[in-house]
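Listed below are the residues making up each chain.
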Amino acid sequence: LAGAGVLLALALAAALALGWMMRPLTLRALWRRMAILGALLGMRRRPTETLGAFCTRLAECLPEEAMGHRDWLMSRERAVDDLRVIGGLSGKAAFSRQGLLPVEVTRWRRAWAGLVRLVPRLAVRRLLHGGGRRRGAGTAAAAPSVARPS
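All right, on to the nonpolar core then. Ranked by internal contacts, the top residues of the largest apolar core, which has 31 residues, are M34, L37, L83, I86 and L115. Of all elements in the fold, only α2 (27-40), α3 (51-60), α4 (72-95), α5 (102-116) and α6 (119-129) reach the threshold of two or more residues within this core.

In structure tokens:
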């Protein structure tokens, strides 16, 4: 009976966390969630980095492999597009006099809804495989990997 209670509590916590992740009300709230996405990919936003540049780095470090999902490459391409939308509109929201138009707010929300679908897969990958890249990966200065002979 105690085990069932623990499972129910875990399921409730997961549902609440997913609900919170799915519905950012402002771009500032969205960026709190983007920090979580970055952590799942082993990346942090640099203090001097623009939001658009951070989105570009996140897109570069999305795993190429299928992660046990046959449609991963298509999902990855959509995620890259969603990151471009979020990065571009975040820059406009931060620096434009007029801010975002209602249609643009709808675009970033839809982009986030598409992107957040990858979070469970990325979280599982991080738990099972140690996350792959680490903080600071995905920069132009990163050294290419060299295969070691067996």
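For E104, the position within the fold is in helix α5. On the basis of relative accessibility, which here comes to 12%, the residue E104 falls in the buried class. For E104, the contacting residues outside a window of four places in its chain are L89, K92 and G99.

Mapped onto the secondary structure, V116 falls in helix α5. If we ignore the near neighbours within four places in the chain, the residues touching V116 are M21 and M22.

Here we take up the packing of aromatic side chains. In this structure the tally under the stated criterion is one aromatic pair. With 6.1 Å between their ring centres and 50 degrees between their planes, W31 and F54 make a pair best called tilted. One end of the pair, W31, is in helix α2; the other, F54, is in helix α3, with 23 residues separating them in the sequence. Take W31: its relative accessible area is 12%, and that puts it in the buried class.

It is worth spelling out the confidence of the model for the protein at this point. When pLDDT drops low, the exact placement of atoms in the prediction is not to be read closely. Chain-level pLDDT for the protein is 78 on average; 79% of the residues reach the 70-or-more range. Within the protein, α5 carries the highest mean pLDDT (91), whereas α6 carries the lowest (74). For the stretch residues 132-150, pLDDT sits under 50, and the model shows 21 contacts to residues farther than four places along the chain or on other chains.

Running from amino to carboxyl end, α2 crosses α3 at an angle of 30 degrees, the nearest separation of the two axes being 11 Å. Viewed along their axes, α2 and α3 adopt a mutual orientation that is roughly parallel. Both α2 and α3 take part in a crossing whose hand is left-handed. Within the contact between the two elements, α2 uses W31, M34, L37 and G38 and α3 uses L51, F54, C55 and L58. The class makeup of the residues in the contact of α2 with α3 is seven nonpolar, one polar and no charged.

α5 packs onto α2 with a crossing angle of 20 degrees between their chain directions and a minimal axis gap of 12 Å. Taken together, the axes of α2 and α5 are roughly parallel relative to one another. In the crossing of α2 with α5, the sense of the turn from one axis to the other is left-handed. Contacts from L27, L30, R33, M34 and L37 in α2 reach W108, W112 and L115 in α5. Each residue belonging to the contact of α2 with α5 can be placed in one class, and the counts come to seven nonpolar, no polar and one charged.

About the criteria used
- Residues numbered from 1 in each chain as written.
- Predicted model: local features only at pLDDT ≥ 70, side-chain atom pairs only at ≥ 80, totals over all residues.
- Heavy atoms only, no water.
- Core = buried A, V, L, I, M, F, W, Y, C linked by side-chain atoms within 4.5 Å.
- Buried < 20%, exposed > 50% of the residue type's maximum accessible area, 1.4 Å probe, protein only.
- Helix = DSSP H or I, 4+ residues; strand = E, 2+ residues; numbered from the N terminus.
- Contact = heavy atoms within 4.5 Å.
- Phe/Tyr/Trp six-rings, centres within 6.5 Å; stacked < 30°, edge-to-face > 60°.
- pLDDT = per-residue confidence, 0-100.
- Axes fitted to C-alpha atoms, helices over the stretch in contact; angles between N-to-C directions.
- Parallel < 35°, antiparallel > 145°, perpendicular 65-115°, else oblique.
- Left-handed = near helix turned anticlockwise from the far one by under 90°.
- Nonpolar A, V, L, I, M, F, W, Y, C, P; charged D, E, K, R; others polar.

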